Amino acid sequence: MRKFKLLSMIVLLFTLMAVSVAEISPAIAKTPEPARPIPGLGKMTDTELRNAWLKRRAMYDSQSEVIRDAYRTAEAFEAYIEVMRKKHDDAYPLEVAVSKYYGYIREAELARVEANRIFTHNAGFNTNYYILDHQLAGQSIVDVHGNLKQVHFILFEAHRELRKDLNAWLRRGRD
Amino acid sequence: MKNLILAGALLGLLLLLAGCQGEPSDTEHVASLPLPQVRVDKLPTATPTATSTPEPEIAETPTPTPIPQAQMQPMPTRDDEAFWLAQIEILLDRIERRLNALDRDLGR
């Protein structure tokens, strides 16, 4: 009788454990990440924050490529001016345009120092860009986004001015 | 009896461990491209079989008439305006494409 009681208690215990495991483990496995509010970004999960950070890093790299191509463009302009000088043509407007262009590129590079500092500091993230501090990570994204926009505006202006000056030069040749 | 209780406790622990092997919640579901599917029926066979399609007949093509020499323009050299203008145009287009893409990403 005692053995039967003990056995029935063990069976009951197993049944309870199996039922609880069946209920609890899917809940643990499929719990969605909580979206927590961040000033300036709204509610974001840790995964969304990480993706946003990686996207900003990609934008920063893209701006690096733009600046690299900008220097190549300025060198091509200088070579073109040299060709025009050999033909005894007055390329002064182009020289002014290139000088202005170099000024814009330098301004953009100086503005990027802040973004470089933010990315180097990597506040709120670990070395694999996973979230360590939700609020700090969100603040890093907000700060770097502002800086990327500022640099983008400078580069946009630089190329708009250069296009305008080049078109004016080419039209002058046809007039 | 003691052995029975011990066996029961061990079994319970195993059940608990097995139940907790759920999908980790911190994995990223990174969208990835589907694996390329190998179409076995399209793979070439090592030896041609008797039922393979016969070699295509190559029709006798007539002797082609000589193409008239096009008026060749000399290639622009580094001393030419056209060369540097083309270089500048290519670079500016590349820069403008990147800036447009950045414009979209920055949400202006």
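What this report covers is the structure whose coordinates are included nearby. None of these values were measured; they are calculated from a predicted model.

**Overview of the packing of aromatic side chains**
Residue and element names in this part refer to chain A.
- Following the criterion strictly, the structure yields five aromatic pairs over all chains and no others.
- Ring centres of Tyr71 and Tyr102 lie 6.3 Å apart, and the angle between their planes is 45°; on these two criteria the pair is classed as tilted. Of this pair, Tyr71 sits in helix α2 (residues 46–86) while Tyr102 sits in helix α3 (residues 92–121); the two residues are 31 residues apart in sequence, bridging distant segments of the chain.
- Three or more aromatic residues link up through ring pairs in this structure, and these residues are Trp53, Tyr60, Phe119 and Phe125.
- Sitting above the plane of the Tyr130 ring, Arg50 keeps its charged end 4.2 Å from the centroid.
- Across the ring face of Tyr60, the terminal group of Arg112 is positioned such that the distance to the ring centre comes to 4.2 Å.

**Focus on the nonpolar core**
- Counting residues in each nonpolar core, the largest one holds 52 residues, and the members touching the most others are Leu49(A), Trp53(A), Phe77(A), Tyr80(A), Tyr101(A), Leu155(A) and Ile88(B).
- When contributions to this core are tallied by element, the ones reaching two or more residues are α2, α3 and α4 (134–174) of chain A together with α2 (81–106) of chain B.
- Look past the residues within four positions of Ile88(B) in its chain and what remains in contact with it is Ala76(A), Phe77(A), Tyr80(A) and Leu166(A).

**As for unusual backbone geometry**
Residues and elements named next belong to chain A.
- Located in the positive-phi region is Asn122, a residue other than glycine, with phi close to 55°.
- Structurally, Asn122 is set in the loop between α3 and α4.
- For Tyr129, which is not glycine, the phi torsion reads 65° and is therefore positive.
- The topology assignment puts Tyr129 in the loop between α3 and α4.
- The partly exposed category is assigned to Tyr129, whose relative accessible area is 23%.

Rules used in this analysis
- Residues numbered from 1 in each chain as written.
- Chains lettered and ligands numbered in written order.
- Predicted model: local features only at pLDDT ≥ 70, side-chain atom pairs only at ≥ 80, totals over all residues.
- Heavy atoms only, no water.
- Phe/Tyr/Trp six-rings, centres within 6.5 Å; stacked < 30°, edge-to-face > 60°.
- Helix = DSSP H or I, 4+ residues; strand = E, 2+ residues; numbered from the N terminus.
- Lys NZ or Arg CZ within 6 Å of the ring centre and 35° of its normal.
- Core = buried A, V, L, I, M, F, W, Y, C linked by side-chain atoms within 4.5 Å.
- Buried < 20%, exposed > 50% of the residue type's maximum accessible area, 1.4 Å probe, protein only.
- Contact = heavy atoms within 4.5 Å.

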